[in-house]
Amino acid sequence: MHDELHDLITKTAARVRMRDFLWAVGISAGVGLAILFSGLAQWQIVVVGWGAFLAALAVRYRFSSGRVWAEPIQQIVESGLSAQQAEIANLKIARGVAQALPEPLFILDAEGIVELANPAAEKLVGSREIEGRHFATVLRSPDVFEAAETVVNGKKPVTVDFKTTGTVERSCRAFVAPLAAESANARSLVFIRDLTSERRLDEMRQDFIASASHELRTPLASLLGFIETMKGHAKDDPEAQEKFLTIMQSQAERMQRLVADLMSLSRIELNEHVPPRDNLDIADIAKDVVDSFAPLFDQAGAIVDFINEGERSTSIYGERDQIFQVVQNLFDNAVKYGGDPAMIKVRVGRGEAPSLVDEGETGQRAGDSAAQTAGRLGIQVDDLVYLQIRDFGPGIERAALPRLTERFFRVNVERSRKSGGTGLGLAIVKHVMNRHQGGFQIESRLAGGTAFNCYFRAKD
Ligand code: ADP
């Protein structure tokens, strides 16, 4: 384009010079002939004069100033072109920035027509043909559109909260600002942030605080009640006092467990993003837990069977204390809910953990399977180490399975409280598994028992 224009100017200048030259030749030939025929001068003088004139013209043609007068035009055109090129480059950068932004961005003209919509914007409204359409038909939020209409006239930027209506309702915040309001091409920019997950997290945090305070308030109220009674009508009744003190002790212990569990949960969450680096053997840890809790198992009448399946290594990278806590929490549950007396089978090995289906039973499952965990980690199922803690208790109903790892979720609240549960044991397990990038699966069958499977990436 630039070269073409340059050529055109040069050719036009040459054509003008040639035309001037021919005109000069023609006129001077005419004048020469007129002088000759009128007898004003001798033909030799006319021919010499005409020759000199032609020579002067040729010299002028060769070194014509035509080139010089074309130059300023060329310069003006060139500077105009380079300004345009710079603007195009800036527009390309601006478009590139808009395309790269992970958040939805629209640019609207003064009439509210969408001039630019980035891929995130297309995703938000669920359509790829947005540019050229009126904004009101693209994003069905009258508040945002009204804001865009007012800011385009040079008003200050505004922020509008709105909800999208679709299959999934999303909470969003739009930042609407004027773009080049002083120029003839006034536009407005609409930048949207999806606040759905932040809001959900906020709600979860509030729910969590509400549940945690409720859990603490119950034993606290009971403690205060007993203190009141002991100060009042049970003041001189040592037998009642003894009974109340026992209950108070168990309530205080429950509060202590609750605080300890809450603290471990927050500690795990705090460094959930830091990959654990200790070199551990899952089989050794499981055996350690079995040995250290042997007296407790005896006391509860639980029978524990430890099986290390296969010869391959069960080493992983992990954090010892946290894995110990996982195994301990799962044992704890198996003893509490795994039948009376509890029969507990602990299995460690490589690949996929044995399933209730292998025992000829159909179970319901929730959580990550071995294949899903291996797929997520980009490894073969054989490169997983599993730990399974299986009981033969009453099992868990299907609807409750996916909720077991929620904080404070219990299938039977009374039962959990009676056995000293806090409702946080499996939430802790899930968070530790997340930190270890592992998989956690629950398989259960009513009257057939439950298997809890933990999958880890094998170290070697
Ligand atoms: P809790 O402190 O109540 O034991 P957990 O988070 O450890 O809290 O477990 C949540 C709920 O899951 C328990 O209240 C119980 O209803 C159910 N549960 C856990 N383990 C088992 C199991 N082995 N068999 C049957 N139900 C179980």
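Residues numbered from 1 in each chain as written. Predicted model: local features only at pLDDT ≥ 70, side-chain atom pairs only at ≥ 80, totals over all residues. Heavy atoms only, no water.

**Student:** Before we go on, may I ask you to explain unusual backbone geometry in this structure?
**Tutor:** Across the chain, the bulk of peptide bonds are trans and the bulk of non-glycine residues have phi less than zero. Omega for the peptide link from Asp 340 to Pro 341 comes to 0 degrees, which places this bond in the cis form. You can see Pro 341 is positioned in the loop between α11 (320-337) and β9 (343-350). Positive phi outside glycine occurs at Phe 408, with the angle close to 70 degrees. By the element assignment, Phe 408 lies in the loop between β11 (384-391) and α13 (413-418). (Helix = DSSP H or I, 4+ residues; strand = E, 2+ residues; numbered from the N terminus.)

**Student:** I keep staring at the packing of aromatic side chains and nothing clicks. Help me out?
**Tutor:** Two aromatic rings are characterised by how far apart their centres lie and by the angle between their planes. Taken as a whole and judged by the stated rule, the model has six aromatic pairs. On the basis of an interplanar angle of 45 degrees and a centroid distance of 6.5 Å, the ring pair of Phe 293 and Phe 297 is categorised as tilted. Arranged with centres 6.2 Å apart and planes meeting at 15 degrees, the rings of Phe 440 and Phe 452 form a pair that is stacked. Placement of Phe 440 in strand β12 (residues 439-445) and of Phe 452 in strand β13 (residues 449-457) is noted, with a sequence separation of 12 residues between them. Neither residue differs from the other here; Phe 440 and Phe 452 are each classed as buried. An aromatic cluster is present here, built from Phe 293, Phe 297 and Phe 331 joined pairwise through their rings. Over the face of the ring belonging to Tyr 317 we find Arg 277, whose NZ or CZ atom lies 5.1 Å from the ring centre. The ring of Phe 208 is capped by Arg 407, whose NZ or CZ atom sits 4.7 Å from the centre of that ring. (Phe/Tyr/Trp six-rings, centres within 6.5 Å; stacked < 30°, edge-to-face > 60°. Buried < 20%, exposed > 50% of the residue type's maximum accessible area, 1.4 Å probe, protein only. Lys NZ or Arg CZ within 6 Å of the ring centre and 35° of its normal.)

**Student:** Would you explain the pattern of salt bridges in this entry?
**Tutor:** Think of it this way: side chains of opposite charge can pair up when their charged atoms draw near. For the coordinates displayed, the defined rule picks out 19 salt bridges. The salt bridge involving Arg 417 is made with Glu 215; its shortest N-O contact spans 3.6 Å. Of this pair, Arg 417 sits in helix α13 while Glu 215 sits in helix α7 (residues 196-231), and the two are 202 residues apart along the sequence. On the accessibility criterion, Glu 215 (4% relative accessible area) is buried. With a closest N to O distance of 3.1 Å, Glu 309 and Arg 347 form a salt bridge. Here Arg 347 lies in strand β9 and Glu 309 lies in the loop between β7 (303-308) and β8 (315-318), a separation of 38 residues in the sequence. Assessed through its relative accessible area of 30%, Glu 309 is described here as partly exposed. Overall, Arg 347 belongs to the buried group, its relative accessible area being 11%. Residues joined by salt bridges that share partners form a network here, namely Glu 215, Arg 254, Arg 410 and Arg 417. (Salt bridge = Lys/Arg side-chain N within 4 Å of Asp/Glu carboxyl O.)

**Student:** Can you help me understand the side chain of Ser 264 in this one?
**Tutor:** Of note, Ser 264 is situated in helix α8 (residues 238-270). A relative accessible area of 7% means that Ser 264 is categorised as buried. For Ser 264, the contacting residues outside a window of four places in its chain are Gln 325 and Ile 428. (Contact = heavy atoms within 4.5 Å.)

**Student:** Explain the sheet that holds β12 to me, please; I cannot follow it from the model alone.
**Tutor:** Working definition: the strands of a sheet are paired by backbone hydrogen bonds and lie parallel or antiparallel to each other. Read across the open sheet, the six strands follow the order β7-β9-β11-β13-β12-β10; overall the sheet is mixed. A strand with exactly one partner marks an edge of an open sheet, and here the two such strands are β7 and β10 (364-367). For this sheet the average axis-to-axis angle between neighbouring strands, irrespective of direction, equals 15 degrees. Taken together, the seven bridges between β9 and β11 define a ladder with antiparallel strand orientation. Counted as the bridge partner of Ile 344 is Asp 391 from β11. (Pairing = 2+ DSSP bridges. Axes fitted to C-alpha atoms, helices over the stretch in contact; angles between N-to-C directions.)

**Student:** It is not clear to me how the domain arrangement of the protein should be interpreted in this structure. Could you clarify?
**Tutor:** Here the protein is partitioned into domain 1 (2-81), domain 2 (101-194), domain 3 (195-274) and domain 4 (276-457). Taken over C-alpha atoms, the centre of domain 2 sits 50 Å from the centre of domain 4. (Domains from an automatic or database assignment.)

**Student:** Sorry if this is basic, but what is going on with the side chain of Ser 444 here?
**Tutor:** Within the secondary structure, Ser 444 is located in strand β12. The buried category is assigned to Ser 444, whose relative accessible area is 1%. A distance of 3.0 Å separates a polar atom in the side chain of Ser 444 from a polar atom in the side chain of Thr 450. Aside from chain neighbours lying at most four places away, what touches Ser 444 is Leu 356, Gly 363, Gln 364, Gly 395, Ile 396, Leu 401, Gly 449 and Thr 450. (Polar contact = N/O pair within 3.5 Å; in protein donor to acceptor, adjacent residues only side chain to side chain.)

**Student:** I'm lost on the packing of α11 against helix α14 (residues 425-435) in this one. Help?
**Tutor:** Each pair of packed helices can be summarised by the angle the axes make with each other and by the distance between the axes. For the pair α11 and α14, interaxial distance at closest approach is 9 Å and the crossing angle is 145 degrees. Judged by the sense of rotation from one axis to the other, the crossing of α11 with α14 is left-handed. Residues Gln 322, Ile 323, Gln 325, Val 326, Asn 329, Leu 330 and Asn 333 of α11 touch α14, and the partners they reach there are Gly 425, Leu 426, Ile 428, Val 429, Val 432 and Arg 435. Here the residues of the contact of α11 with α14 sort into seven nonpolar, five polar and one charged. (Left-handed = near helix turned anticlockwise from the far one by under 90°. Nonpolar A, V, L, I, M, F, W, Y, C, P; charged D, E, K, R; others polar.)

**Student:** Just checking my understanding: could you explain the sheet that holds strand β1 (residues 105-109) for this structure?
**Tutor:** Spatial ordering of the open sheet is given by β2-β1-β5-β4-β3, a layout of five strands whose pairing is antiparallel. In this open sheet, the two edge strands, each paired with only one partner strand, are β2 (114-117) and β3 (158-164). For this sheet, the mean inter-axis angle between neighbouring strands, taken without regard to orientation, is 25 degrees. Here β1 runs beside strand β5 (residues 187-194); their pairing, made up of five bridges, is antiparallel. When the bridges of β5 are listed, Asp 109 appears paired with Arg 187. Contacting β1, β3, β4 (170-179) and β5, helix α6 (residues 142-151) crosses the sheet at an angle of about 10 degrees to β4. The strands touched by α7 are β3, β4 and β5; relative to β4, the strand with the most contacts, the crossing angle is about 135 degrees.

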